[in-house]
Every structure is written in structure tokens, then in C-alpha cells.
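# Working through the structure, step by step
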Amino acid sequence: YEESVHVPLLFYIPGVSAARVDTTVALVDIVPTVLDALSIPGHRDDLDGISLFRLLSPDAPRLSRPVFSILGGKHAKPKRALSATYLGTRKYILNNRTGGEELYDLRKDPDESENLFEEESAQLDELRKLAREFAAESSPGWNKYHWK
């Protein structure tokens, strides 16, 4: 749930004006962002994730890739106890122990108090499909969802 995964990410770069990225990003976005901040050349296409500096431009397109989150640990059975798939403002949660499913609109319901699981089948089907694709990867990667 959001209280477990929503973490503010702050970068201080001398000489760069403060800005806010108001979209769901992931840990895989940190390395490309740091490389850009330090002007380190490299093969960005080989990296999972994107540089968050791309999102600071006023005319930057809205990011429309899914973002995945897994909550579990080495003692959890199964290892991925809860998994979440974000797409836009929607969040799909699958309890891998019980098979329970939840769907939330984080813009309207940031506290995740109104489960829309029974109400929104089209969005739910799309998020389920993305979650299954991600779980099926032997080594889950993000290259498929690059924003270029």
C-alpha cells in the first residue's frame, strides 16, 4: 500500500531550479537520473528506467508506462506476498497468498479506502495483463516499458 512504497525522492543540484515531477516513478529511474545530473555519458538505452530530467520540460509528454512494486521478503511465502501495478492514476494490487485483488484510483482516493475491483472491469483487465506479464518474466525487466 502507499504508506509502504510512496517515498519522496529529492535531488539537490546546485544551479538548477527546483521542480516537481508529479508522476509515479521507480527506483530504476535513479541511475539514469544521476548520470544525467552528473553529465556522465553512457549507453542510456542499456539501462532500465528513464532520466527524470526528461519530465521537467513543460512540453514533456505524460508518462504512460506501467510501474511495478513487489512487497515481500526472503521469509515471505510466496516471496512476492503483495504486488502492485500502477498505470496512470490506477493501482492494481494482487495478494499472491490469497489471490485477493484490489483496484484504486489514487487521484480520487489516495488513502486506498474505496476498492473499485467490482466496478471497473476494463481497466482491471488491462492491469491484470500487465501484472501477469511482469510476473512471468524470469528476470523482470523494464526495457519493454522504456519511454524514449
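This section reports on the structure supplied with the text.

The rules behind the values
Residues numbered from 1 in each chain as written. Predicted model: local features only at pLDDT ≥ 70, side-chain atom pairs only at ≥ 80, totals over all residues. Heavy atoms only, no water. Helix = DSSP H or I, 4+ residues; strand = E, 2+ residues; numbered from the N terminus. Buried < 20%, exposed > 50% of the residue type's maximum accessible area, 1.4 Å probe, protein only. Contact = heavy atoms within 4.5 Å. Pairing = 2+ DSSP bridges. Phe/Tyr/Trp six-rings, centres within 6.5 Å; stacked < 30°, edge-to-face > 60°. Salt bridge = Lys/Arg side-chain N within 4 Å of Asp/Glu carboxyl O.

Looking now at the overall build of the chain. If you tally the helices and strands in the chain, you get three helices and four strands. Reading the helices (α) and strands (β) of the chain from amino to carboxyl end gives α-α-β-β-β-β-α. Among the 148 residues that make up the chain, the fraction classed as buried is 32%. A fraction of 42% describes how many contacts in the chain between residues 6 or more apart in sequence connect residues 24 or more apart.

Next up on the list: the pairing of strand E2 (residues 82-87). Burial analysis of E2 places six of its six residues in the buried class, the great majority of the element. Across the two faces of E2 the burial is the same, with Leu82, Ala84 and Tyr86 and Ser83, Thr85 and Leu87 all buried. Here five bridges tie strand E1 (residues 67-71) to E2, and the two strands are oriented antiparallel to one another. For Phe68, the partnering residue across the bridge sits in E2 and is Thr85. Summarising the sheet, E2 and strand E3 (residues 90-95) pair through six bridges and their orientation is antiparallel. Bridge assignment links Ala84 to a residue of E3, and that residue is Ile93. Counting the residues between successive antiparallel strands, the hairpin from E2 to E3 contains two residues, one of them, Gly88, with a positive phi of roughly 60°.

Quick look at the packing of aromatic side chains now. If you walk through the whole model with that rule in mind, you get one aromatic pair. Where Phe68 meets Phe134, the ring centres are 4.1 Å apart and the plane angle is 5°; that geometry is what we call stacked. One end of the pair, Phe68, is in strand E1; the other, Phe134, is in helix H3 (residues 121-136), and 66 residues separate them in sequence. No difference in accessibility class separates Phe68 from Phe134, as the two residues are buried.

All right, on to the pattern of salt bridges then. Opposite charge on two side chains lets them pair, provided their charged atoms get close. Using the criterion set out here, one finds seven salt bridges in the structure. As a salt-bridge pair, Lys91 and Glu2 come within 2.8 Å of each other at their nearest N and O atoms. Taken together, the residues Lys91 in strand E3 and Glu2 in helix H1 (residues 2-5) connect sequence positions 89 residues apart. Each member of the pair Lys91 and Glu2 is classed as buried. Where salt bridges share partners, they join Glu2, Lys91 and Glu112 into one cluster.

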